[in-house]
Each structure stands twice: as C-alpha cells, then as structure tokens.
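# Coordinate analysis (summary)
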Number of protein chains: 4
Amino acid sequence: MLSFENDYNVGAHPMLLQRLTETNLEPQTGYGLDDYCAAAKEKIKIACDCPNAEVFFLTGGTQTNQVVIDALLQRYEGAIAAQTAHIALHEAGAIEFSGHKVLELPSHDGKLCAADLKAMMERFFGDDSHEHMVCPGMVYLSFPTELGTLYSKAELTELHAVCRKYDLPLFIDGARLGYGLMSRACDLTLPVLAQLCDVFYIGGTKLGALCGEAVVFPRGNMPRHFLTRAKQHGALLAKGRVLGLQFDALFTDDLYFKIAKNAIDRAEEMKEIYREKGCRVWKETPTNQQFLIVPDDDLKRISSQVAYSFWEKFDETHTVIRLVTSWATTKEQVQKLRDIL
Amino acid sequence: MLSFENDYNVGAHPMLLQRLTETNLEPQTGYGLDDYCAAAKEKIKIACDCPNAEVFFLTGGTQTNQVVIDALLQRYEGAIAAQTAHIALHEAGAIEFSGHKVLELPSHDGKLCAADLKAMMERFFGDDSHEHMVCPGMVYLSFPTELGTLYSKAELTELHAVCRKYDLPLFIDGARLGYGLMSRACDLTLPVLAQLCDVFYIGGTKLGALCGEAVVFPRGNMPRHFLTRAKQHGALLAKGRVLGLQFDALFTDDLYFKIAKNAIDRAEEMKEIYREKGCRVWKETPTNQQFLIVPDDDLKRISSQVAYSFWEKFDETHTVIRLVTSWATTKEQVQKLRDIL
Amino acid sequence: MLSFENDYNVGAHPMLLQRLTETNLEPQTGYGLDDYCAAAKEKIKIACDCPNAEVFFLTGGTQTNQVVIDALLQRYEGAIAAQTAHIALHEAGAIEFSGHKVLELPSHDGKLCAADLKAMMERFFGDDSHEHMVCPGMVYLSFPTELGTLYSKAELTELHAVCRKYDLPLFIDGARLGYGLMSRACDLTLPVLAQLCDVFYIGGTKLGALCGEAVVFPRGNMPRHFLTRAKQHGALLAKGRVLGLQFDALFTDDLYFKIAKNAIDRAEEMKEIYREKGCRVWKETPTNQQFLIVPDDDLKRISSQVAYSFWEKFDETHTVIRLVTSWATTKEQVQKLRDIL
Amino acid sequence: MLSFENDYNVGAHPMLLQRLTETNLEPQTGYGLDDYCAAAKEKIKIACDCPNAEVFFLTGGTQTNQVVIDALLQRYEGAIAAQTAHIALHEAGAIEFSGHKVLELPSHDGKLCAADLKAMMERFFGDDSHEHMVCPGMVYLSFPTELGTLYSKAELTELHAVCRKYDLPLFIDGARLGYGLMSRACDLTLPVLAQLCDVFYIGGTKLGALCGEAVVFPRGNMPRHFLTRAKQHGALLAKGRVLGLQFDALFTDDLYFKIAKNAIDRAEEMKEIYREKGCRVWKETPTNQQFLIVPDDDLKRISSQVAYSFWEKFDETHTVIRLVTSWATTKEQVQKLRDIL
C-alpha cells in the first residue's frame, strides 16, 4: 500500500534517531534547560538571522497554537484567522478552551488578505458598541496554508503593515514551514519571514521529527514567564532534550531544508504525472499537498492501493482527495503512484 | 559528575530506541490509531488483568493530570488532593487553568488518609452553605507520592471505600508507578491497584520512555469523546505511534517492571550506604527517592561531584537534599556515591 | 429630547417599584430562596402551562446566556447560533470565556433555518476528522431576533425537530420575549414556545424590570447544581427577592403581556408614520425594533431631537438607524416623532 | 420572628427606593454611562479623597471579586488570600473558574499577617522550581473579614509595604466596608484605606442597596478595557443607572456612613446584653457580626424566635451561631433579642 495520506505517517528522519541513540545516556537537565536545546536555539537563531531571537520548544501543533495565542492575547482579546485556519476548524476548540474567540475572515485559497483585515479593524473601531465585542488582539496565519498555498513576500508584507498599524502581533503557524520555504514558488526566506512577523513556529512533527515544534520570537519578544505559561497548559516536556536534540540535528548542515526540498521535488514530479495522465486538479498548489478531483468509480480501485485523505465531495460522482508528499517520500513511491493513476 | 537529581535525566531504555528505529519508516495512522498503540493497549490490559480497560496515551504528567481531571469533573467540581500533591504545588496551576479548584487535605508523609477524606465530605454536606462552595468531585493521589512514600493495600482500600460511599472517582497519578509496585514494601499488584481506583496512569517519562504516560480506565469507563477532549487541551500527539511503540516495548517481557526493580535495588544499596556512613536520613522511603539531611559545609564538596535536588532548608546549618535512582542507575554509580558521602 | 434608542433607557414599570417599596423591610431568605421568588415561579409555570417547569432568576442577558450555555454544554461542545446572534457578536466573548466556541450559521434576517442546521450536522458527522472539531452541543436562537424578526411556529417546529433528531438542546434567548409574543405577526404563545425548546428565558431588563431574567426549564430539566453553577459565574444575587418580586409583579394580572403590547402598538403607529411620510424602511419588522434608512443630511437635524441607535452605514450618503419602542413609550412620544420625521 | 441571620435580609434603605422612583422615567444611557453613575463616581472620589480615582459599578460581591481579580492577574498568576477568605471558601470556585488559583495563607482571626506574606514570597522565590508553581500575583483581603474582625492601620500598612516590595497589587473586599469604617475599634478612614491598597470595593448589597458594589481604583489605575472585561464575565448591567443612583444616594449627606453606624451601635448594644446575660462569646468582634456559643438545648427555643446563622458545632452539646446587625436593625429588635436570650 502506498502512503500519501499525510506528512506525519512515518517516524523521524534517521539522523534524528541516530542522534537520540548516541546521546541517550548522557544526563541532562530537564524542562528545556539542557545542552541540546541550547545548541538548537543557537542554530535556529543563525538560520533566522535573528541574533536576539528567543526560541522555545513545544511538542505539537495544536498545543503550540494554544500556548502561543493565549500568551499573546489579553484575556478579553481574540485571534483573527481565516475561516479555513487550523485553529478555526480542526483543533477541537483549543483556542476557545483557553478563553479566546477566533475572529474569522474570508479565506482566499486558504489565505488572509490585507484588505479584509484592514476593513475588519475599521469596522470594529467604527462600531459604537465595539467595547461590547471581542477585541481583535492578534493575527494568525499558516504558511503554507491548510490548502497548501503560500503567501508571497508582497502579500505578507502588506498584512504585516496592517498589523503594525493596528498594533496586532502577527503569528505564523509553520507546521509545514520547510515545505513552504522550499517551494519553487516561494519568494521568502526564513530571515525575511522572521522580519515580517512577531512570532512563528518551525514545524518538526511534519518535517522529520518524532514530535516537536520550535517557537521563535524573532526580536527577544517572548512573553514573560513563558515556561510557566507552557507548564500551566500541560505543555512543558520533562525531557526537553528530546525536542532540542531533534532540532539541533535538523538545523545541522541544513538538514531541515534538504529534506523539505525532497517533498517539494516529489510533489513536482506528481504534478508532472497529473498533466501526463490528464488528472483533474482541484487546487493547484506549490507545496507538498496536492488536491485531485477523482471520479468515484476510480476511487474504489485507487483506495485499495494508495492511502490518501478524503477532502470533500466535489459533486454527485466525484470526490476531492488530498495526496501529500513528505521528507520521506521516495522517487519509487511516486513512480508507483504514476502506475496506479 | 554523578547524576542522582531525578529520574528523567537520561533518554529512553535502549530497547525503546531500538524499536523506534526498527519501525521508523512503516507508515502508520496518526493520533493513536496505529498498530503499536493497539498492541500496547492489549498488553497493558493483560498486565492490569482488566479485559474491559480503555487505555489512552498522553505525553507528560502535568498534561495527563489536567486532561484526566477535567474529563472526570463537572464544571463546578474540584479535585481533592494532599497539600503536597503535584497538582497542588508543582503544576503551575494547570488544574485551575481548566477551571477547577484543588481541594487540599493534610499530607501524612505525602499521603491522603481516609479519615480526613470522610471528615471533609461530612463537613461539606453538613454545611448549610455547601451549595456556595466548590463541590468535591473526585480524589487525586500519587503512587508513589511526591515524597517517595507508598499507600498500603489497606490504606488504599479504605480510601477507595470512602470514595465509593460519596461517589467520588479515584484517580491515581502513577508518574512513578513502577517504582512503587516494585518497592519491597509494596503489598499491591497492578491488577489490585486497578481494582481500587477508577482511573490511573502508568508513567513512562520517569520509567524508561522518552515521553509518554498510559492512562488506564480499568472498567471501560473512559469519558466519552476523550480524544476530542485531549485535542482541546492540545494534548493529542499526531504521531501517536511514538507513545504506543514505547509502551508496547515496556510491556513486552515485563521490561517495565524489570527496569523499575533496578531503581529499587540501587535505592536499597544506597540505604545500606547511609547506614554504614551514618548519614542522617530526613525521610525513610521505600522507593527510588531518598532524602538526606546534609551539613551545609559538606554540601559544597558533594555538589561538585554529585547532582542532587535541593529539597528544603532543614535548619540554619543543614539542608535536605533528594537523591533519586532510576531504571538507568548502575551499581557503579552507587559505589561512586558511597565514596563521596 | 425624544428617546427611541433602546428599550432599556428608563427604569422599571411603576408597579414593580411600588411592590419593591411595599415589601422592602420584610426579612427574606437570600439567594432566591425567598417567598417572592417562589410566588413568581408558580405564576410563570402557570403562564407557560408547564407544571413541571423549573425557573431560576438571573440579573442580565449576557450573564444568562453564559450561565445557561455553559450548564447545557459538555466541556468540548460548542453552541450553534446565527452569525448575527447576540452571543456571536455583542457579548464580548462571554461564551468563549467559559471555554465554548460559537458555531456560526448564516443569518436569514437574523434567524437560523432548519435546513442549514441539518446540513451542518450532516457535514459534521460526515467529516472523517470530526473528532478533531468542536462538537455541536446545542442550538441558541433569539426570539425576537437581534433584527426584530420572529420565527413562525412552523419555523420553530422545524428547527426543534432537527434539534431532537441530533439530540441538541434548544435554548431561546427571550431578552425581548414579550415583544415577540405580543407582535401582531406572532403565531406562537408562551406555552407553545415552551414546548418547542429545552430552555428559554423571559427577559425582564428590556421589559419593565430594573434588571432580571427568568430562565425556564420547561420540563423539570434544569441542570443539577444550577445554583452552584450560577454562583461560580458570579451570577447569584444575594437579594434574590429583588428579581423574584419584579417577576411576581410582571406575571400578576398579565402585566408582562400588557406592557409588551404597548410597545407593539406604538411600533405599529410608527410604521404608519413611515408610510405616511415616505420614510425608507431598511428592514420591516413585526416587533418593537424599527430600522430606517436616513439621508445623512437629515440625520443631523434628527439627532438633535431624537435619540436613536446608529446601526450601520447604508451607502456614502445614507445611514441605517434603529428606533425602538418599549413598555414605557407613550402615544405622545410617537406623535412628537411624527413631527420630527 | 426576629431576623439577625445576615445583613442582606431586607431590601434597600428607603431613600434609595425613593430616588429610584423619582428618577424612574428619565431616559438614561445604558451600561454605566448615565448621569447618576457619573454623579456617584464624583461623590465617591471626594469621599475617598482620591481625585484621580476610577470607579466602576458591579452587581454583587462574588462577581466583583471574580472580575477584579481576573483583571489584575496575568493568566499564570494566583491570588493570595487567607484560608477563611470568601474567595477561598464560599464563592463556588469563581476564581478558579476564571483560571486562577487561590494561594492560601493561615488565617489570624480571619486576617492575613504581613510576616506570613513575606515568608511566602521568600519561600516562592527561594524555591528552585518556582517557575513550575503558580506565581503569586496579588493579595486579597476582606475589611472587615469574614469573621467580623478588622485590620488596624498598622497591620494594613505593614501588609501594604510587603505588597509594594514584591509588586503585588492589594485588593480589599469591602462587601461590609462601612461596618468596618464605622466600628469603634477602627483607626482607618476611607481616604487612608484608599492609600493603602490598589483597588477596593465599597459594598452596597450589605449596606443599604438592593444590589451593587462600587469598585474603586484609587489612582487612575483601572485595568484597560475594564468595561469589556466586565461584559465578558456577564457582569455589565444594562441599566447601570440602578447601581449609580443607589450609590449617588448612599454618598449624599454621608448616608452610607450614618446607616453603617446604626449597625455598629446596635451591635454594641448586643455586646452589652451578652455581658449582662452572661452569654458565652465565641469571638469578640468590633463590627456587625457577633458569634455566640449556645447550648444546644437553648438553641431549639431560640431558633423558634430568632433567625440566626449556624456557624459551626462547638462541641457535642454546644453550637456557634452568628448574629448580624445591619443598617436596618432597630433598637426595638435588639431589645426583643435581649428578652429572648
């Protein structure tokens, strides 16, 4: 069975397991105060070209979104996000659990647009009763988005400018950050992205780690007592070394970017195959998530040979499916997919 | 430098890393629905002699306490615990974060006592204004306790009976469960413990795993939508396999118990040394946490050779320190400690 | 200055003040256990034709919505509401504060429609990842709506049927309930409305009381420990008598309905005036809230003589304003408005 | 039946009802932006001798504690209070509901002591693991306490100094403030009290109002967006005028203090009676709450003639009861009590 259902279906990049094994019996301080967390932070700061950055490691994506958003917001504030955002749809209300409303804006292929944001803020402050409403306190966006799309540098710059104007911290969910940055369509680099937001995270779970996300506050702007806040959310790992070491390995010799590029190269090969085979593409994306419209009759056959994600019904007789490559996808697997499609 | 400061200062038991490496590239379903979670659950059910048990894997201790307690309690209820309980002191208010008060009872060497619990419940229901008070909704205890002590079967049976009488679910925090069950002073087995409570967890982080705790509802009594609840807390690991596989290995060939016994054997050797050397013991414990009263003058010398935990000041010139053994502690390390003390 | 800006701009119906004065020095038990609360509950049960109803008095609308919704929902559940619902827009995130997401459906003139609700539930259960989403746990609607519109008996029956099918409690926010029931367009009675939902409240603040809302659980279905829950929200009034006595007066000799009818009669007179004067009506409503489109040039003059609510900009040169009648609005005031328009 | 069970068993001081009646039909802006709230605020600022004070009116005591404490604290902070504090015992967990732990200190006749507070802070910062603990973020105390006792100026000054040293806002719950300030034992005035804390409230519910508490931030230090925060808690009254007008009346011609003095004078008369009759006093207090130890045999007779509060069992054959005077207690009532005792 071929596996293209998501980018977290296998374990870790072998180098990470090797490093975990090599360092296994060294005693280390707990809770992220170990040597490997320290080393990883330094490497990430260099990769981001942010010498004053503060970095904190958490375990998973929803947890990271909950902890970061709750730390950025005042109690009476909400987080602005696209209607298709992960925090709006697929995190079981983790943001509301911590007391904050997700203030939804329309999705443009998964993206927020600066004009909508500006209009929302003008409407809010223009409303006589805005003190009776949830105060917009920050902006959340995903890069790449949940639909595999990317913000251009121009788009992100424009959003960032509106955020500055209204003093809204901008948080970028980078669960799949590497796949975005390595996309052939991407005109952003990690240092540029770090300049255009107030906090972001570098996803490990979907990009070579067993688990782990690196939260980066680019300008020494980590909220005070962040460790305590994380602990209060049940999000502080005792063996922080496990996270630190994995990011240390990922940011040694550009491993993070190299393995992200593999997913992009495989995805581009798949796009070739779609063209060759005349597959119907639902949404053309420049990253590792691909969406096809498949006749339901074909789907039965395909599903016996390929694991994919059901996305939604397209019409009475067709279905949208998602195929995903990852750091671990091989050329051979793509070729086998070709034979099946 | 010798390391006796805690039981989570090294990585995982080598067998767990080996198994993670062997299975690394097998595609598996996410979120705990993989084959290894399934296999581990079966093994745990057998070890507990609870054929109807439901098992759920979470990542760390505070997280587990927060998710389980919030799932057991009604919104207006609180959790009864000893004043020295981890949830009362060292979890940064994670229980209050989810809206629940920790209702404290006196600590008897770290333990709750049935008479106190009964008195609390009688006082509560005897109080005219109890509808204006936090309703006691469950009981939390640690086995072993935060002070390394153990409940006897008789003590736990008595507490369980009071819980039954007042319809209070009893939750046992087993962050160090193996060290308790393997203690030479323990008259409980895992199946008996499972009978005497409503939910407990088998700690992995402090007992051979990189991370991971196995929550066991012994009688098919897992609260509905527990996965959604965990997700809402940011506690659902995408690669659940990482947790499942580690517990699968720990519950294969009694590995969990064998490595727990190692910590106990080393701790007993240390107790011999204290006697031999005339060390002043602050609290005699039957598990892997040992507490000594050390003259501050000696402490300077010791601290350059041994990592320990500061516990509290004993008096003007003495300090209580904690020395902890683990599954990874060797006979050689204990001998070196002997030479230093 | 004429006052048509809202229906809570004056104090209480004089009869309520008179009763407060008459009974002022009688000692009464606190927290809603007094004689007047008891009497009011009996009268409300009769008015609703619900002999098994349970009634609880709270102080204000947002408070009532927060307490009731939090009591109805499991921790991981959300409340379905129209995008224009008060809880979605104008309660400063009080629902999210208590941990619950407001799941929004399109507004049809302020109303939910059964087909949308059914589609949402089918989509939810049809989604493979629905366990990662907020579980719809209840339905909230306002009667009349925030736009002054009304559900017909057929519409409410249809919504109620979908709620039954999916086991969703239906909660009706009756902040302006009397104005809805007395509307000439209303084909519902209080007993029928009580049959078609699981809980509703009878608004006092906007209908003759200084403050106070009566929450009605029509079939003895008040959540357990509701008093404790209210207290936990800071919503339990010490002098519950103040609320009880006002509702006792409002439900004596049909006062509640008589004074609601006054607002409707005045509103109908205003609609006559619009027709006569050729005013441009933005939204025709059958209740006490009226919406007009006014040229901005006229608005300056009007605003010096009439207090109204700004609703929204209609276009570059026009504004939508809201004019509201209440139990206290007089024929004279409406005549003066006629002269101004 | 004589009523001495509490100080909220009757309605409002007649002057307040008269003013509510006189102003009843004047249209006023909602949500505390009316003329009466404005006037009351000015009078309170003068009474406190705090020209820069900010004042906000809320409805009840538990609500006020919840809103103020949540506004003062960071998310990860807790509120220090005596074990006997209202927020620790009798508010159904309202503080924990908003996510904050109540950090308990011993009660000295209901009072906190500066030495305990200092020791707690030293212990906290001296603990290596304090980042894993709830961070003390403010101090709460009641004046008078729940046991009717009073802080002297010296005691409060000392507490305030420790608060300054550790940057802890000090919040005084003045549910019965007037009874404290008018006590013959009180060496504090309202302006002095305002200097010695960061926020306090002037209780109305127990001191002549139907409902209402006036929160005072003495030095323009009201947290930003306080109205929105109150709304989010469901605590913003639509007809804020009801609260404002009552406080306007209470702070006209020193009514608040005059009626508080009545309660104290009556309480002193009661103390005379205890001496004369040889009643056994459980706790001598200088305010309007009196505690007697009564043989259970007598209690049956007494309870048929006097409403009192059960406090606690004293021993097998005696009970502690609480007798409370209020602004409304008359000399005649005290004389009748004399005849019964």
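These notes cover the structure that comes with them.

Procedures and definitions
Residue positions within a chain follow its written sequence, with the count starting from 1. All chains are assigned letters beginning at A, and all ligands numbers beginning at 1, according to the order in which they are written. This being a predicted model, a pLDDT of at least 70 is required before a residue's local features are given, and a value of 80 or more before pairs of side-chain atoms are given or counted; all residues contribute to the totals for chains, interfaces and linings. The side-chain figures draw on all heavy atoms in the structure; neither hydrogens nor water molecules are used. Numbering of helices and strands runs from the N terminus, with a helix taken as a DSSP run of H or I at least four residues long and a strand as a DSSP run of E at least two residues long. Throughout, radius of gyration means the C-alpha value; the globule benchmark is 2.2 Å times the number of residues raised to the power 0.38. Any residue under 20% of the maximum accessible area for its type is buried, any over 50% is exposed, and the rest in between are partly exposed; the area is computed with a 1.4 Å probe on protein chains only. Residues count as neighbours in contact if any of their non-hydrogen atoms are within 4.5 Å of one another. The method behind every accessible area is Shrake-Rupley, applied with a 1.4 Å probe, and residues are considered shielded solely by the protein chains displayed. Note on charges: Lys and Arg go in the positive column, Asp and Glu in the negative column, and His and the chain ends are not counted at all. The atom standing in for a charge is NZ when the residue is Lys, CZ when it is Arg, CG when it is Asp and CD when it is Glu. Pairing of N or O atoms within 3.5 Å defines a polar contact, subject to two protein rules: one partner must be a possible hydrogen donor and the other a possible acceptor, and residues neighboring in sequence count only if both atoms are side-chain atoms. A quick way to say it: buried area is the sum, across both parts, of accessible area lost when two parts are put together, with a 1.4 Å probe. Salt bridges are defined by distance alone: a side-chain nitrogen of Lys or Arg within 4 Å of a carboxyl oxygen of Asp or Glu. Each residue receives one of three labels: charged for Asp, Glu, Lys and Arg, nonpolar for Ala, Val, Leu, Ile, Met, Phe, Trp, Tyr, Cys and Pro, and polar for the others, Gly being one of them. Multiply 1.5 Å by the residue count of a helix minus one, and that product is the helix's expected span. A pair of strands is considered paired only if DSSP assigns at least 2 bridges between the two. Superposing the copies works by least squares over the C-alpha atoms of residues that have pLDDT at least 70 in both of them. Helix axes are fitted to C-alpha atoms over the stretch in contact, other axes to C-alpha atoms as well, and angles between N-to-C directions run from 0 to 180 degrees. Should an angle fall under 35 degrees it is called roughly parallel, over 145 degrees roughly antiparallel, and 65 to 115 degrees roughly perpendicular, with every other angle called oblique. For any pair of crossing helices, the crossing counts as left-handed if the nearer helix is rotated counterclockwise from the farther one by less than a right angle, and right-handed if it is rotated clockwise. Only Phe, Tyr and Trp rings are paired, with Trp represented by its six-membered ring, and only when their centres lie within 6.5 Å; those with planes under 30 degrees apart are stacked, over 60 edge-to-face, the remainder tilted. A ring is considered to have a charge above it if a Lys NZ or an Arg CZ atom is located within 6 Å of its centre and within 35 degrees of its normal. Among buried residues, those of type Ala, Val, Leu, Ile, Met, Phe, Trp, Tyr and Cys that are joined through side-chain atoms within 4.5 Å constitute a nonpolar core.

### Let's talk about the overall build of chain A
Each helix and strand counted, chain A has 14 helices and 13 strands in total. Rg of the C-alpha trace for chain A: 20 Å, near the compact-globule value of 20 Å for 341 residues, within the 12% margin. Oriented by its inertia axes, the alpha-carbon framework of chain A measures out at about 60 × 55 × 35 Å. In chain A, which comprises 341 residues, the share counted as buried stands at 66%. For chain A, restricting intrachain contacts to residue pairs at least 6 apart in sequence, the fraction spanning at least 24 positions comes to 73%. Accessible surface for chain A amounts to roughly 11700 Å². Of this, 51% is attributable to carbon and sulfur atoms. Considering chain A, the positive charge centre built from 36 side chains and the negative charge centre built from 45 side chains are found 3 Å apart.

### Observations concerning the side chain of K111(D)
All names here are of chain D. With respect to the helices and strands, the residue K111 is situated in the loop between β4 (102–105) and α6 (114–126). Owing to a relative accessible area of 13%, K111 belongs among the buried residues under this scheme. Within the structure, K111 has its side chain in polar contact with the side chain of E155 (distance 3.0 Å). Residues contacting K111, with those up to four places away along its chain left out, are P106, T145, T149, L150, Y151 and E155.

### Points about the environment of V162(D)
With respect to the secondary-structure elements, V162(D) resides in helix α7 (residues 153–165). The spatial distance from the C-alpha of V162(D) to the C-alpha of Q74(D) is 20 Å, given a sequence separation of 88 residues.

### Concerning the interface of chain D and chain C
The partner chain C presents 44 residues to the 44 residues of chain D that form the contact. Summed over both partners, the interface of chain D with chain C comes to about 3800 Å²; 62% of that surface belongs to carbon and sulfur atoms. On the chain D side of the interface with chain C, the three residues burying the most area are F97(D), Q232(D) and K239(D), jointly 19% of the side's total. At the boundary of chain D with chain C, the tally comes to zero salt bridges. Viewed at the interface, chain C and chain D are joined by 22 residue pairs in polar contact (both at pLDDT 80 or more). Broken down by secondary-structure element, the contributors of at least two residues to the side of chain D that touches chain C are α1 (14–22), α3 (61–72), α5 (94–97), α10 (226–232) and α11 (240–250) of chain D. The residue makeup of the side of chain D that touches chain C, split by class, is 19 nonpolar, 19 polar and six charged.

### Thoughts on helix α12 (residues 255–277) of chain C
Residues and elements named next belong to chain C. Taking 1.5 Å per residue, 23 residues should reach 33 Å; α12 reaches 33 Å between its end C-alpha atoms and fits that length. For α12, the buried fraction is high: 17 of the 23 residues fall into the buried class. G278 sits one or two residues past α12 and shows a positive phi near 70°.

### Some thoughts on the pairing of strand β3 (residues 77–82) of chain A
Residue and element names in this part refer to chain A. The buried fraction of β3 is high, at six of six residues. Summarising the sheet, β3 and strand β5 (residues 135–142) pair through four bridges and their orientation is parallel. Bridge assignment links A79 to a residue of β5, and that residue is M138. As paired strands, β3 and strand β4 (residues 102–105) are joined by four bridges and run parallel to one another.

### Observations regarding the relation of the copies chain D and chain A
Relative to chain A, chain D is turned by 180° and slid 0.0 Å along the rotation axis, the superposed coordinates differing by an RMSD of 0.0 Å. Such a combination of rotation and displacement between the chain copies is what one expects of a two-fold axis. Within chain D, R75(D) has its C-alpha nearest the rotation axis, a separation of 3.9 Å. Same-surface contact between copies: 100% of interface residues of chain D are shared with the interface of chain A.

### Some points on the packing of helix α12 (residues 255–277) of chain B against helix α14 (residues 331–340) of chain B
All names here are of chain B. Packing of α12 against α14 leaves a shortest axis separation of 10 Å and a crossing angle of 15°. By the criterion of interaxial angle, the relationship of α12 to α14 is roughly parallel. The interaxial crossing formed by α12 with α14 has right-handed handedness. In this structure, α12 uses R266, E269, M270, I273, E276 and K277 to contact α14, whose residues at the interface are K331, V334, L337 and R338. Here the residues of the contact of α12 with α14 are counted per class, giving four nonpolar, no polar and six charged.

### Remarks on the pattern of salt bridges
Residue and element names in this part refer to chain C. According to the stated counting rule, one finds 88 salt bridges over all chains in the structure shown. The partner of R184 in a salt bridge is D265, with the nearest N and O atoms 2.8 Å apart. Placement of R184 in the loop between α8 (177–181) and α9 (190–195) and of D265 in helix α12 is noted, with a sequence separation of 81 residues between them. A salt bridge links E284 to K271; its shortest N-O distance comes to 3.7 Å. One end of the pair, E284, is in the loop between β9 (280–283) and β10 (289–295); the other, K271, is in helix α12, with 13 residues separating them in the sequence. The exposure class of K271 is buried, given its relative accessible area of 9%.

### A few points about the interface of chain D and chain A
Residue-level contacts link 19 residues of chain D with 19 residues of chain A. Both faces combined, the contact of chain D with chain A buries some 1900 Å², and carbon together with sulfur accounts for 50% of it. In terms of surface lost to chain A, no three residues of chain D exceed R75(D), Y76(D) and H132(D), which account for 39% of the buried area on that side. In this structure, the connection of chain D to chain A is made through two salt bridges.

### Remarks on the sheet that holds strand β10 (residues 289–295) of chain A
Residues and elements named next belong to chain A. Strand order in this open sheet of four strands is β9-β10-β13-β12, and the pairing throughout is antiparallel. Of all strands in the sheet, those bounded by a partner on one side alone are β9 (280–283) and β12 (309–315). Across the sheet, the mean angle separating the axes of adjacent strands is 35° when strand polarity is ignored. Relative to strand β13 (residues 318–324), β10 runs antiparallel, the two sharing seven bridges. Among the inter-strand pairings, P295 is bridged to a residue of β13, identified as H318.

### Structural notes on the packing of aromatic side chains
The tally for this structure, following the rule as stated, stands at 54 aromatic pairs over all chains. Where F56(B) meets F226(B), the ring centres are 5.0 Å apart and the plane angle is 75°; that geometry is what we call edge-to-face. Of the two residues, F56(B) sits in strand β2 (residues 54–58) while F226(B) sits in helix α10 (residues 226–232), which places them 170 residues apart along the sequence. Of the two residues, F56(B) and F226(B), both sit in the buried class. On the basis of an interplanar angle of 70° and a centroid distance of 4.8 Å, the ring pair of F291(C) and W311(C) is categorised as edge-to-face. Of this pair, F291(C) sits in strand β10 while W311(C) sits in strand β12 (residues 309–315), and the two are 20 residues apart along the sequence. Given the relative accessible area of 27%, W311(C) is considered partly exposed. Against the face of W282(B) rests K283(B), its NZ or CZ located 5.0 Å from the ring centre.

### Here's the deal with the pairing of strand β9 (residues 280–283) of chain B
Residue and element names in this part refer to chain B. One ladder, built from three bridges, connects β9 with strand β10 (residues 289–295); its direction is antiparallel. Across the sheet, the residue bridging to R280 is I293, located in β10. A loop of five residues connects β9 with β10, the two strands running antiparallel in sequence.

### Points about the nonpolar core
Of all hydrophobic cores here, the largest spans 143 residues; its most connected members are F143(C), F200(C), F143(D) and F200(D). The contacts of F143(C), once residues within four sequence positions are left out, are L150(C), Y151(C), I172(C), D173(C), G174(C), R176(C), L177(C), G180(C), L181(C), C186(C), L188(C) and L193(C).

### Considering the sheet that holds strand β5 (residues 135–142) of chain C
Residues and elements named next belong to chain C. An order of β2-β8-β7-β6-β5-β3-β4 is seen for the seven strands of this open sheet, with the pairing classed as mixed. Each having just a single partner strand, β2 (54–58) and β4 (102–105) make up the two edges of the open sheet. This sheet shows a mean twist of 25° between the axes of neighbouring strands, independent of strand direction. Taken together, the two bridges between strand β6 (residues 170–173) and strand β7 (residues 199–203) define a ladder with parallel strand orientation. Paired with F171 across the bridge in β7 is V199. Contacts from helix α6 (residues 114–126) reach β3 (77–82), β4 and β5 within the one sheet, and its direction differs from that of β4 by about 125°. Relative to β6, helix α7 (residues 153–165) is tilted by about 145°, and along the sheet it contacts β5 and β6.

### Some remarks on the relation of the copies chain D and chain C
Superposing chain D onto chain C requires a rotation of 180° together with a translation of 0.0 Å along the rotation axis, leaving an RMSD of 0.0 Å. Interface residue correspondence from chain D to chain C reaches 98%, placing this contact among same-surface, isologous pairings.

Interpretation note: all reported values are geometric properties and have no functional meaning in isolation.
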